[in-house]
Amino acid sequence: MPPRRSSRAPSTKPVSKPAAKAVEKAAERKPASKKAPVEAAKPKPASRKRAASPERNDEPIAKRARASTKAKDDAETVAKPARKPASKAKPTSKAAATKPASRKTAARPASKAAANRAVKKAASTTSSATLAPIDENEGPEPATTSQATEVAEEKPTKKAAPSPKPKRVVPPHVQTKSYFNALPTLPEKERPAPVIFAWGAANFGQFGMGPGVLDEYRKPKRSTWIEEAIEAGKFGEEGAGPETIAAGGLHSAMIDEQGKVWTCGVNDDAALGRETQNVPDPNNPGSSLDVDELTSYFHPLDNLWADAKFRAAQVTAGDSITAAVSTEGDLRVWGSFRANEGSLGFSGETKNQYEPVTAPLPLIRRTGDHEKVVSIASGSNHLLVLTTHGNLYAWGASEQGQLGRRVGERHKINGTVPEKVGLRKVVAIGAGAYHSFAVDYMGNVYGWGLNTMGQTGTGYISKEDSDVIHSPMKVEGLSPSDLNGDRVVEIVGGTHHTLFRTEQGKVYGVGRCDAGQLGLADDDENYKERANPDFIAEPSLITFPDADDPIVQISCGSQCSAAVTEAGALYTWGQGLQGELGVAEDEVRTPRVIVRSEGGSWHALAVSCGGQHTLGLFRKKH
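Residues numbered from 1 in each chain as written. Predicted model: local features only at pLDDT ≥ 70, side-chain atom pairs only at ≥ 80, totals over all residues. Heavy atoms only, no water.

1. Notes on the overall build of the chain
Inclusion rule: Per the convention used, a helix needs a DSSP run of H or I reaching at least four residues, while a strand needs a run of E reaching at least two, with both numbered from the N terminus. Residue exposure (1.4 Å probe, protein chains only): buried if accessible area is under 20% of the type maximum, exposed if over 50%, otherwise partly exposed. Each accessible area value is a Shrake-Rupley result obtained with a 1.4 Å probe; residue values ignore everything except the protein chains displayed when judging cover.
Helices and strands together make up the secondary structure of the chain, namely twelve helices and 32 strands. Going through the 622 residues of the chain one by one, you find that 46% of them count as buried. Per element, the accessible surface of the chain, about 33600 Å² overall, is 50% carbon and sulfur.

And the structure:
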């Protein structure tokens, strides 16, 4: 705090010790008077300018009050001229400022009553707190004004502690506004519980069957580990098993009937959502768990399961990015994105996200209306999210235009921030490796991203005009008016081709077709009339062996495709150099039956194609 500015005139100075000594020396040099002693001298009337009475406060009250406590102190005070402390009050005269108090004036000690009156008056003029009077017979001697001020500062009045404010209770959110898109729903429980089958490359533990299963498998291989886990009750209630599967680039994910997310496979870029290096062994202090055991078997994401409100309903897997949505519409994401030249990172602050976190989506939050997530889709290195309000968000790598917006070459990391795509009232989304799709409430389909082989379905004019579609463009030939009222409800894509499934169970394909990726026969009209020998730029209807068994789910790998029918049949086609098709051949031109709808021992429920492997969810027939 800055010192206060004195009210004393600049030329006026308080009495200092040297000045007082000078006065005393001058008195010593003065010759002794021949007159009678001071005590016998004729008393003169006290000067009105001198503070002779304790009723006045021109002199420092502290010294006058102190002199009134004891006779001995009074005598000492009279013998020595009192040194005046610095005061804001202006001295009455030069004489008053330089001369000590007269012996005649101070010879008569003040009475106790007068001293008390002086103290009371001084207390009334000071700014310090008023002190209660003290009984001399019971307590200490009365304090001077300066002492009283010090005591007041040292021992402030103790105030009662204020009562704590009651905490504001935030009522739970109640959604009063109807959602445009419904929250995720769960599949029906299957009994006996379904088992995971896998085929293709297992060299990185992506099958989830342990370190002993790391080869290449051309035919579907049943997971005995899953069967043992079902018997042990690891997936929930008695007889519970997996309900959802997702194959990524070199890793896999599944959801069990409890809503737990399990992962296995490569974890170099945190795709598994958990640590697998230097994990302490709880049974052997000082040692770590085996990395191969942690990556080649499915392990649950306990850190995600710890959130009691998060019951996973959907999961998706890209190259090294993974995401899950709960039944309440909450989203969790982990892993990392990669760009053309290498690792891009999870965000501007994090390279690899090893634990599930909430994505920073700018969702609507109003009283009675909270926007939630209803579905997710992943490309190789980007994510799409659809909300209850029909909004679509995209983030990740952006070099091929898959985010529906332009991101500067020098600011690629900005692509990892979710932003809204310029479409309204979206009801379905889908993604290929480097391209994206959306369906609006009218049933119109839009595509954008990499289009080097016509995989967006928006047409192909020339390399300069059509290689990359930076913003959503309408896909011709798939609107309800083109499909006799039928609508597209599911979209999946590989590196250069795309499949579209409709409500009626029909499947259309577009894009690369030189290795059977679209499943079109050589005599198919659209295939024969294609303008380019390597791809078809307009969606074409795919024919399946049983036209009366509608398709209920589809999936695409890098260069292969798969579909599951209502009756439980599974088809695959395209190119699978590492056994991704589930057959001995590397290439299948038209849909091939892997699981039969009639006969056989297994009923196919779902399929998911990854980068080099394929997962199937099969239930044993009764």
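Right, picking up where we left off after that structure.
2. Here we look at the sheet that holds strand 9 (residues 331-335)
Our working definition: Here the rule is simple: two strands pair whenever DSSP picks up at least two bridges between them. Angular values range over 0 to 180 degrees, each being the angle between N-to-C directions of two axes fitted as lines to C-alpha atoms, with helices fitted over their stretch in contact.
One open sheet accounts for four strands, arranged 7-8-9-12; its pairing is antiparallel. The two strands at the open ends of the sheet, each matched to only one other strand, are strand 7 (312-317) and strand 12 (353-358). Across the sheet, the mean angle from the axis of one strand to that of its neighbour is 15 degrees, orientation sign disregarded. Of the pairings in the sheet, the one linking strand 8 (residues 321-326) to strand 9 comprises five bridges and is antiparallel in character. The residue bridging Ala323 from the neighbouring strand is Val333, located in strand 9.

3. Some remarks on the pattern of salt bridges
To keep it simple, the criterion reads: Put simply, a salt bridge is a Lys or Arg side-chain nitrogen that is within 4 Å of an Asp or Glu carboxyl oxygen.
Under the criterion given, the structure shown has 22 salt bridges. Here Arg218 ties to Glu216 by a salt bridge, and the two come within 3.5 Å at their closest N and O atoms. Here Glu216 falls in the partly exposed class, since its relative accessible area comes to 42%. Among the ionic pairs, Asp586 bridges to Arg218, the shortest N-O distance being 2.7 Å. With Asp586 in the loop between strand 29 (570-575) and strand 30 (587-595) and Arg218 in strand 2 (residues 216-222), this residue pair connects regions lying 368 residues apart in the sequence. A relative accessible area of 24% means that Arg218 is categorised as partly exposed. Taken together, the shared-partner salt bridges connect Lys189, Arg191, Glu237 and Glu257 into one network.

4. A word on the packing of aromatic side chains
This is how the line gets drawn: Between 30 and 60 degrees the pair is tilted, below 30 it is stacked and above 60 it is edge-to-face, where a pair is any two Phe, Tyr or Trp rings, Trp via its six-membered ring, whose centres lie within 6.5 Å.
In the structure shown here, the tally under the stated rule is twelve aromatic pairs. Relative to Phe500, the ring of Phe437 has its centre 5.4 Å away and its plane inclined at 85 degrees; by these criteria the two rings are edge-to-face. Of this pair, Phe437 sits in strand 20 (residues 435-440) while Phe500 sits in strand 24 (residues 497-502); the two residues are 63 residues apart in sequence, bridging distant segments of the chain. The residues Phe437 and Phe500 share a single accessibility class, namely buried. When the centroid spacing of 5.6 Å and the interplanar angle of 70 degrees are considered together, the rings of Phe544 and Trp573 count as edge-to-face. Of the two residues, Phe544 sits in the loop between strand 26 (535-541) and strand 27 (551-556) while Trp573 sits in strand 29, which places them 29 residues apart along the sequence.

5. A closer look at a nonpolar patch on the surface
The following threshold applies: Like-charged residues are merged into a patch within 9 Å and nonpolar side chains (Val, Leu, Ile, Met, Phe, Trp, Tyr) within 5 Å, provided each residue has over 30% relative accessible area and no salt bridge.
A cluster of nonpolar side chains, contributed by Phe180, Val427, Tyr441 and Met442, occupies part of the molecular surface with about 370 Å² of accessible area. Of note, Tyr441 is situated in the loop between strand 20 and strand 21 (445-450).

6. Thoughts on the sheet that holds strand 32 (residues 613-620)
The following threshold applies: Note on definitions: a residue-residue contact is assigned when non-hydrogen atoms from the two residues lie within 4.5 Å.
Taken in spatial order, the four strands line up as 2-1-32-31 in an open sheet, and their pairing is antiparallel. Two strands in the sheet have a free side with no partner beyond their single neighbour: strand 2 and strand 31 (602-609). On average, adjacent strands in this sheet sit at an angle of 15 degrees to one another, irrespective of strand direction. Where strand 31 meets strand 32, seven bridges bridge the pair, whose relative direction is antiparallel. When the sheet's bridge partners are listed, His603 is paired in strand 32 with Arg619. In the packing of helix 8 (residues 224-231) onto the sheet, contacts are made with strand 1 (195-201), strand 2 and strand 31, and the angle to strand 1 comes to roughly 160 degrees.

7. Some thoughts on the nonpolar core
Put simply, the test is: For our purposes a nonpolar core is just a set of buried Ala, Val, Leu, Ile, Met, Phe, Trp, Tyr and Cys residues, chained together by side-chain atoms within 4.5 Å.
The biggest cluster of nonpolar side chains holds 55 residues, and the ones touching the most others in it are Ile226, Phe235 and Leu570. Once residues lying within four places of it in the same chain are set aside, the contact partners of Phe235 are Trp225, Ile226, Ala229, Ile230, Ala240, Gly241, Pro242, Met254, Asp256, Glu257, Gln258 and Trp262. One finds Ala339, Leu361, Leu363 and Val373 within the second-largest nonpolar core, a separate group that totals 19 residues.

8. Concerning unusual backbone geometry
Note the cis peptide between Arg191 and Pro192, where omega equals 0 degrees. Along the chain, Pro192 turns up in the loop between helix 7 (145-154) and strand 1. Positive phi is not limited to glycine here, since Asn278 has a value of about 55 degrees. Mapped onto the secondary structure, Asn278 falls in the loop between strand 5 (261-265) and helix 9 (291-296). Relative accessible area serves as the criterion here: at 65%, Asn278 is assigned to the exposed category. Within the chain, Asn484 stands out as a residue other than glycine whose phi angle is a positive 55 degrees. You can see Asn484 is positioned in the loop between strand 22 (468-474) and strand 23 (488-493).

9. Some points on the pairing of strand 1
Within strand 1, seven of the seven residues are buried, which leaves the element mostly enclosed by the surrounding structure. The pairing of strand 1 with strand 32 spans six bridges and is antiparallel. Residue pairing in the sheet places Trp199 in a bridge with Thr614 of strand 32. Across four bridges, strand 1 lies against strand 2 in antiparallel orientation. In the sheet register, Ala201 faces strand 2, and the bridge partner there is Glu216.

10. Section: the state of the cysteines
Stated precisely, the cut-off is as follows: Disulfide assignment relies on a single distance test, namely cysteine sulfur atoms paired within 2.5 Å.
Scanning the model with the defined rule gives zero disulfides in all. Residue Cys560 stays outside any disulfide, its sulfur separated by 4.5 Å from that of Cys609, the closest cysteine.

11. Considerations on the confidence of the model for the chain
Spelled out, the test is: Along the chain, pLDDT gives the predictor's confidence residue by residue, from 0 to 100.
Counting all residues, the mean pLDDT for the chain is 82, and 74% of those residues have values of 70 or more. Below a pLDDT of 50 lies the segment residues 1-115, which in the model reaches 65 contacts outside its immediate sequence neighbourhood of four places, other chains included.

12. Focus: the side chain of His613
Rules: Nitrogen and oxygen atoms within 3.5 Å of one another constitute a polar contact, given that in protein one can donate a hydrogen and the other can accept it, and given that sequence-neighbouring residues count only through two side-chain atoms.
Relative to the elements of secondary structure, His613 occurs in strand 32. By relative accessible area, His613 is classed as buried at 0%. A distance of 2.9 Å separates a polar atom in the side chain of His613 from a polar atom in the side chain of Ser252. With residues up to four places along the chain from it excluded, the contact list for His613 reads Trp199, Gly200, Ala201, Gln206, Phe207, Ala247, Gly248, Gly249, His251, Ser252, Glu580 and Ser608.

13. Quick notes on the side chain of Asn444
Considering the arrangement of structural elements, one finds Asn444 in the loop between strand 20 and strand 21. According to the relative accessible area criterion, Asn444 is buried, its value standing at 15%. A polar side-chain atom of Asn444 sits 3.0 Å from a polar atom in the side chain of Ser479. Every residue in contact with Asn444, bar those within four places of it in the chain, is listed here: Ala438, Val439, Lys474, Ser479 and Pro480.

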